[in-house]
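Read off the chains here:
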Amino acid sequence: MVKSAGKTDMKSLTFSELQERLRNLGEPSYRTIQITDWLYKKRVDAIDKMTNLPGSLRSRLAEKFSLGTIDIVRVLGARDTTRKFLFRLTGGSLIESVLIPASPALYGGKADRRTICVSTQVGCAYGCKFCASGLEGFSRNLGANEIVEQLIAVERATGEKIDNIVFMGMGEPLANLENVLRAIRIINANWGLGIGARHITVSTSGLAPQIRKLAEEPLQIRLAISLHGATDEVRNRIMPINRRYNIETLLSACDYYKAHKKQHLTFEYILIADVNDSDEQARLLSHHAKRLSAKVNLIPYNSVPGLPWMRPSEKRQEKFLSILRSQRIPATLRREKGHDIDAACGQLRLQTERELRKDVIAKL
Ligand code: SAH
Ligand code: SF4
């Protein structure tokens, strides 16, 4: 839970947590309904704007709670294309969200849906070798309110309604599980943003114990596993997390998840030239997908300035896909929508931070 100057942000509390706090202040339970209505339906940015609450209550609430918003500092991309939003948080950190327009269902939603990709941490501690988010290391977890606020701020700025949410921006969601779950409850609830659990997808690089924890949660959200390699040899080369939880440990956590959930798992698989794009990797990937009845999303690698990795030729991408299909694995090959504006996670922030740093140095 995020606290600023000893105050809890109102949007980091679930309905029952807020109700409990209000009860302690001697308030009747209908106040919780009034307040969540102001927060998530009318979306006010100040406690004082909750005009059906008595003035004295508003003052007491303002002493105990904060109500932060996050500022959009930069937008890339135009309407009807993938757009990126860079935010500055209280304290100055930069994070980003991506808004992806209607496209053929990637994560189970209908084709006419708008999807937001949100960040869960500032930076990332997992240091995957191909990823911009890991490059500058880890700073801090986001509070539930900062996750929820990304969605609200983008809807506010664009006037568009978001139908799908994927936790695939900067950071490792399962390393910030408590706040991510709290944010999901707020996003999912009818008293909150009201997005159905089947329209919420969490992506992980493979934190096996947390996958088991998530399996025990009653929420029917979707889970995507960033596999990116079908053998320990390949995964060890590009994803340090694999040295802690190897493929078998990860897949058996996925077995456990599958035994508890109705939703199918998805494997995310970035295709990187001469690293993980061989026929042999495709065959082994099919084998893992069959074991878990998982779908596979193939994503051509988005190059990151300063990193040596490249996407394979289209011919190689298609060949990889055809091997999966020949094994009857449900697989898609994403024609990367945001390639032209560096849509992959962490890239806008990295670019802006480098520019800001240049600016600062230039002024010295
Ligand atoms: N930490 C989580 C979620 C954030 S990363 C995870 O790793 O799953 C979201 C997805 O973007 C992951 O599948 C990640 O591997 C992928 N990704 C990272 N950098 C990329 C790049 N340069 N090109 C394409 N996909 C990338
Ligand atoms: Fe972190 Fe995911 Fe990037 Fe790996 S791919 S460094 S886990 S954000």
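Scroll up to find the structure this text is about.
The notes below deal with the structure included here. None of these values were measured; they are calculated from a predicted model.

A few words now on the overall build of the protein. Counting secondary structure elements, the protein contains 13 helices and 15 strands. Within the protein, the fraction of its 364 residues that count as buried is 55%. Within the protein, residue pairs in contact and separated by at least 24 positions form 67% of the contacts whose partners lie at least 6 positions apart. Summed over its atoms, the accessible surface of the protein is roughly 15,700 Å², and 51% of this surface lies on carbon and sulfur atoms.

Inspection of the entire model under this criterion finds 23 salt bridges. One salt bridge connects Lys84 with Glu96, and the closest N-O pair in it is separated by 2.9 Å. Separated by twelve residues along the polypeptide, Lys84 in strand S5 (residues 83–88) and Glu96 in strand S6 (residues 94–100) bring together distant segments of the chain. For Lys84, a relative accessible area of 0% puts it in the buried group. The exposure class assigned to Glu96 is buried, which follows from its relative accessible area of 2%. Of the charged contacts, one joins Arg283 and Glu280 as a salt bridge, the two residues approaching to 3.6 Å between their closest N and O atoms.

A separate point is the site of ligand 2. Taken together, Cys124, Tyr126, Gly127, Cys128, Phe130, Cys131, Ser133, Gly171, Glu172 and Ser205 are the residues near ligand 2. Considering only residue class, the shell around ligand 2 consists of five nonpolar, four polar and one charged.

Moving on to helix H6 (residues 177–188). Over its twelve residues, H6 extends 16 Å from the first C-alpha to the last, a length consistent with the 16 Å expected when each residue adds 1.5 Å. With nine of twelve residues buried, H6 is to be regarded as a mostly interior element. Inspection of H6 places Leu177, Asn179, Val180, Leu181, Arg182, Ala183, Ile184, Ile186 and Ile187 among the buried residues, and these make up the whole buried set. On the buried face of H6, the contacting elements are helix H1 (15–24), helix H2 (30–41), helix H5 (144–158), strand S10 (164–167), strand S11 (200–204) and helix H7 (208–215).

The next point concerns the site of ligand 1. Taken together, 21 residues surround ligand 1, and among them Gly171, Ser203, Ser226, His228 and Asn302 come closest. A distance of 3.2 Å separates a nitrogen atom of ligand 1 from a polar atom in the side chain of Glu172. Ser226 is positioned such that a nitrogen or oxygen atom in its side chain is 2.6 Å from an oxygen atom of ligand 1. Coverage of ligand 1 by the protein amounts to 93% of the 520 Å² it exposes when considered alone. Among the elements of the structure, S11 and strand S13 (266–271) are those that each provide at least two residues to the shell around ligand 1. Here the shell around ligand 1 is built from residues that sort into ten nonpolar, nine polar and two charged.

Cut-offs used in this document
- Residues numbered from 1 in each chain as written.
- Chains lettered and ligands numbered in written order.
- Predicted model: local features only at pLDDT ≥ 70, side-chain atom pairs only at ≥ 80, totals over all residues.
- Heavy atoms only, no water.
- Helix = DSSP H or I, 4+ residues; strand = E, 2+ residues; numbered from the N terminus.
- Buried < 20%, exposed > 50% of the residue type's maximum accessible area, 1.4 Å probe, protein only.
- Contact = heavy atoms within 4.5 Å.
- Areas by Shrake-Rupley, 256 points an atom, 1.4 Å probe, with all protein chains shown as cover.
- Salt bridge = Lys/Arg side-chain N within 4 Å of Asp/Glu carboxyl O.
- Near = heavy atom within 4 Å.
- Nonpolar A, V, L, I, M, F, W, Y, C, P; charged D, E, K, R; others polar.
- Expected span 1.5 Å × (residues − 1).
- Polar contact = N/O pair within 3.5 Å; in protein donor to acceptor, adjacent residues only side chain to side chain.

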